[in-house]
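Architecture at a glance
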Amino acid sequence: EEPKVNELIGKGKVDISDTLVNRQFDDWVKLQLNGTYWGGIYLKMTYYSVVPPIACRPSKLSPNDGLLCP
């Protein structure tokens with residue numbers, strides 16, 4: 001059995017703001033190291049919240065005058 005070595009092959013960033021809303025991420029993530037592109041990894045994840053979503057109550061204001069509830 002070959003020894004396993006943890007070697008950095010690159011770094012990538014994932015913006016999870018849409019994932020927190022849509023609960024899914026399914027896309028390629030580019031890997032770079034020292035400004036050089038090293039390829040990419042395919043990342044698929046699902047977000048499971050332990051807190052139920054906040055229920056929106058109807059607003060007395062029109063959408064143009066108040067805040068929108070997602």
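To keep things clear, this report deals only with the structure shown in the data block.

About the cut-offs
Residues numbered from 1 in each chain as written. Predicted model: local features only at pLDDT ≥ 70, side-chain atom pairs only at ≥ 80, totals over all residues. Heavy atoms only, no water. Helix = DSSP H or I, 4+ residues; strand = E, 2+ residues; numbered from the N terminus. Buried < 20%, exposed > 50% of the residue type's maximum accessible area, 1.4 Å probe, protein only. Pairing = 2+ DSSP bridges. Contact = heavy atoms within 4.5 Å.

The next subject is the overall build of the chain. From N to C terminus, the chain includes one helix and two strands. Reading the chain from its N terminus to its C terminus gives the helix and strand order α-β-β. Within the chain, the fraction of its 70 residues that count as buried is 9%.

Two strands pair when backbone bridges link them, and strand S1 (residues 24-33) and strand S2 (residues 36-46) are joined in this way by 10 bridges, in the antiparallel orientation. Counted as the bridge partner of Gln 24 is Thr 46 from S2. If you look at the hairpin formed by S1 and S2, you'll find two residues sitting between the two strands, and Asn 34 has a positive phi there, around 55°.

Attention now moves to the environment of Lys 11. Looking at the element boundaries, Lys 11 is found in the segment before helix H1 (17-22). Spatially, the C-alpha atoms of Lys 11 and Leu 31 are 5.0 Å apart, while their sequence positions differ by 20 residues. For Lys 11, the contacting residues outside a window of four places in its chain are Lys 30, Leu 31 and Gln 32.

With that out of the way, let us pick up unusual backbone geometry. Phi at Arg 23 takes a positive value of approximately 70°, unusual for a residue other than glycine. With respect to the helices and strands, Arg 23 occurs in the loop between H1 and S1. According to the relative accessible area criterion, Arg 23 is partly exposed, its value standing at 28%. The backbone phi angle of Asn 34 is positive, close to 55°, even though this residue is not glycine. Following the sequence through the fold, Asn 34 ends up in the loop between S1 and S2. By relative accessible area, which is 76% here, Asn 34 ends up exposed.

On to the environment of Val 21, then. Summarising the element assignment, Val 21 is placed in helix H1. Residues Val 21 and Tyr 47, 26 residues apart in the sequence, show an inter-C-alpha distance of 8.9 Å.

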